[in-house]
Amino acid sequence: MSYSTYPFVDDVYAYYNQTVTFLGKILDILPGSNVLKTYIKSSYQNDPLRTFIEFLLFVFAAYYVLRKPKTSPDNNYVELTEKEINELVDDWKPEPLVSPLDDMEKLELNSLTVLESTHLSTKLTDGRPIINFSSFNFLGLAENKYINDAAVKTLRESGLGACGPPNFYGSQDKHIRLEKDIASFIGVEAAIVYAQSFQTISSVIPAFSKRGDILVVDEACNFAIQKGIQISRSTIRYFKHNDMKDLERILQELQNDFQRHNRPLTRRFIITEGISENFGDMVDLAKVVALKKKYKYRLILDESWSFGTCGRTGKGLTEHFSVPPNDVEMIIGSLNTSLAGGGGFCAGSTLMVEHQRLSGMAFIFSAALPPVLATAAYEAIAILNRDGGSMLNDLRSKCALFHAALTRNEFFDTTSDLESPVIFLHLTKKSIPYAKQVAILQDLVDFCKDQGFLISRAKRVEKMERLKLQPSLRICISTGHTNQQIESLSSLLKENTDSMLKKHIESKA
Amino acid sequence: MGSSSRRRSSSLVTKVPNPTIDDRLDQGSATNYNSNWVNYKGAWIIHIVLIAALRLVFHAVPSVSRELAWTLTNLTYMAGSFIMFHWVTGTPFEFNGGAYDRLTMWEQLDEGNQYTPARKYLLVLPIILFLLSTHYTHYNGWMFLVNIWALFMVLIPKLPAVHRKRIFGIQKFALHDDESETVSR
């Protein structure tokens, strides 16, 4: 038969007919083809639209199955060809394991001092006597004979190291006793002791605050707090340093935002320091507690510098401001300053403390505090308890003496509180460039060292700190210093700064 | 400094923002046990077993006809897999610092890579189930509509174009807005 006048089309049609019949025969041989044929035949049911939709679904499924796997843009994975990889490998030059020091680093290295002992009146390695004004031994307890004897006794009993994390055979009776003593000293339910003061606050914050939680943090907080909030991955708002009005403004804004957008309720914390590690000034604890109660936040108070130095008997800021210690949810303090021990603690309610036994990263993964230092710390607390406030009074009067000696000083300003034993002195002339200020202060430090007084500059990890602060001298006053020594130091600083400044500013390098 | 003025609160489709370097660090720090079970042995067969079990259970109820049993199986399976893969976000236990809090299980599968074997299987399975159920309901028009609606509810979130997208502000989270300030460093 012919379908048209052109015989060529006949041939094409015959060929097409043959191919289809042949394919049909092959398909018949495949297993399950009968089922498929019955299914397709019965699925039509006189409803072309529905069949079309089903056919589209089938095509879509086939398309999806036949696509090759694709890496997601989430992962930021750069696909390089073999040639590019080879080129990169050929171009690579290894960097030295230790790169050569730059000028600032050389300055730092040369300024390190080696002393013969931890006492406040000690000697340099070349035999010259020196008085240590950079030691955190604020109450002179590092030289206390009673504490030393108790520590030596513990050393003979327990050895030096704890040999394990606290949860894994590292905890001893001395640690338990230390925790109980700290808790009863401050007046809270319980305390937990960490082996290093830096890692305490940076473990406590991520143990309680996670992604999605809100932290309102003092903008000049110390480096340990910065690391803690970075690890926690929480949402952060900074308020101006010790500025209660700014804090209230931020809290109110967060409250408005929360109500307007109907957000789910997450954990909220205010983090601030008792005595600032960068500036030495004290926070108004009563006001912070009032704000936290009004806006329903929890307070994490870093008392690393105010525990053992503030308050009538050294209990810290809660005693100083007469705030009940149970109002502060977490009091973090350090045992390596006034208490002549080591490590840090976190004190508060029992539930809060017990949670950290499994969630405080440094508690789980670091070795426990050496029992020697734990003994020293609880003996120091016992001494503070017996003493009843006279050591603290002594410390306060010596700090006041230093402050008084440096008032009406045209060269130095201080941001430190009158009661803070750590005094930061920065130059009043802020216009001097940063590197020159560092050089001037370092010269002063070296000069004082030659005269027999060891002070230091405030050292920070410049590249990683959030705020760039003005360089300053850091002078630590202790009860072990005599009034005369303090006055000599202050007059030394007053008299010689002028010549230092002139020397550096006139020599325009 | 208020973050409210910057939000487009009435937009229809929002996107969960791409992971920041912190998110990627946290996600890469441990295997995601919430989502890698789809590649284990038996995780594929279990779907067929469950569907068969559902069909048996529904048919065992006296007043349910065979057609209705198939439709109910279809709907139950679609609803169950929708809730499991496309509604619930995050992981049930904390090992990644909450890095997956805003992602549904479908988006967590295979670290976000598309067209992987597990995804192919999980997409083709509802389609096959749908085709079976329309066949066994003798191509009733209403059943077809109900079944195809369920199928689209399950298929559309599986499309690669819809990865990380949210409609109508569903699953909005705390201060994790795209525009708000988060950790500065």
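On a predicted model such as this, the values are computed, not experimentally measured, just so you know. Residue indices begin from 1 for each chain and proceed along its sequence in written order. Think of it this way: whatever chain is written first is A, whatever ligand is written first is 1, and the rest follow in order. Whole-chain, interface and lining totals are the exception, using all residues; otherwise, since this is a predicted model, local features are given only for residues with pLDDT of at least 70 and side-chain atom pairs are given and counted only at 80 or more. Here the side-chain values reflect all heavy atoms present in the structure, with hydrogen atoms and water set aside.

Re a nonpolar patch on the surface
Residue and element names in this part refer to chain A. Like charges are joined within 9 Å and nonpolar side chains (Val, Leu, Ile, Met, Phe, Trp, Tyr) within 5 Å, but only among residues with over 30% relative accessible area and no salt bridge; these make up the patches. Reported accessibility uses the Shrake-Rupley method at a 1.4 Å probe radius. Residues are deemed covered only where the shown protein chains occlude them. Each salt bridge in this description consists of a side-chain nitrogen of Lys or Arg and a carboxyl oxygen of Asp or Glu lying within 4 Å of one another. Among the surface-exposed residues, Leu 49, Phe 52, Phe 55, Leu 56, Phe 58 and Val 59 lie close enough to one another that they form a single nonpolar patch of about 630 Å² accessible area. Helix numbering and strand numbering both begin at the N terminus, where a helix is a DSSP run of H or I of at least 4 residues and a strand a DSSP run of E of at least 2. Residue placement: Val 59 occurs in helix H3 (residues 48–66). For Val 59, a relative accessible area of 38% puts it in the partly exposed group. Only protein chains enter the accessibility calculation, which uses a 1.4 Å probe; a residue whose area is less than 20% of its type maximum is buried, one above 50% is exposed, and one in between is partly exposed.

Here's the deal with the UniProt feature "domain: Aminotransferase class I/classII large" (unreviewed entry) in chain A
UniProt positions are given in the numbering used here, feature names are shortened, and annotations may be inferred rather than shown by experiment. Per the UniProt record, "domain: Aminotransferase class I/classII large" (unreviewed entry) is found at residues 129–489 of chain A. When the span residues 129–489 of chain A is considered, its composition is 44% helix and 16% strand, and the gap between its end C-alpha atoms is 15 Å.

Re the packing of aromatic side chains
Only centres within 6.5 Å qualify two rings of Phe, Tyr or Trp (six-membered ring in Trp) as a pair; their planes then separate them into stacked at under 30 degrees, edge-to-face at over 60, and tilted for everything else. Enumeration over the complete set of coordinates arrives at 15 aromatic pairs over all chains. Ring geometry for Phe 133 of chain A versus Phe 453 of chain A: centroids 6.0 Å apart, planes at 50 degrees, classification tilted. Of this pair, Phe 133 of chain A sits in the loop between strand E2 (129–132) and helix H6 (145–158) while Phe 453 of chain A sits in strand E12 (residues 453–454), and the two are 320 residues apart along the sequence. Judged by relative accessible area, Phe 453 of chain A falls into the buried class, the value being 9%. Members of the aromatic cluster, joined through ring pairs, are Phe 60 and Tyr 64 of chain A together with Tyr 115 of chain B. Whether a charge sits over a ring depends on NZ of Lys or CZ of Arg being within 6 Å of the ring centre and within 35 degrees of the ring normal. Just above the ring of Tyr 238 of chain A sits the side chain of Arg 466 of chain A; from NZ or CZ to the centre is 3.4 Å.

Quick look at the interface of chain B and chain A
Residue contacts are defined here by distance: any two heavy atoms, one from each residue, within 4.5 Å place the two residues in contact. Contacts between the two partners involve 53 residues from chain B and, on the opposite side, 47 residues from chain A. Joining two parts hides part of their accessible area as seen by a 1.4 Å probe, and the buried area is that hidden amount summed over both. Note on chain B versus chain A: buried area summed over both sides is about 4400 Å², and carbon and sulfur give 56% of it. Scanning the region where chain B abuts chain A turns up 4 salt bridges. For Arg 233 of chain A, the salt bridge goes to Asp 26 of chain B, with nearest N and O atoms at 2.7 Å. Whenever a nitrogen or oxygen atom comes within 3.5 Å of another N or O atom, the pair is scored as a polar contact, on the condition that within protein one atom can donate a hydrogen and the other can accept it, and that pairs from neighbouring residues in sequence are kept only if both atoms are in side chains. The tally of links between chain B and chain A comes to 9 residue pairs in polar contact (both at pLDDT 80 or more). At 9 residues, helix H5 (residues 117–136) of chain B tops the list of elements feeding residues into the side of chain B that touches chain A. Basically, the charged four are Asp, Glu, Lys and Arg, the nonpolar ten are Ala, Val, Leu, Ile, Met, Phe, Trp, Tyr, Cys and Pro, and anything else, Gly included, counts as polar. Here the side of chain B that touches chain A is built from residues that sort into 22 nonpolar, 15 polar and 16 charged.

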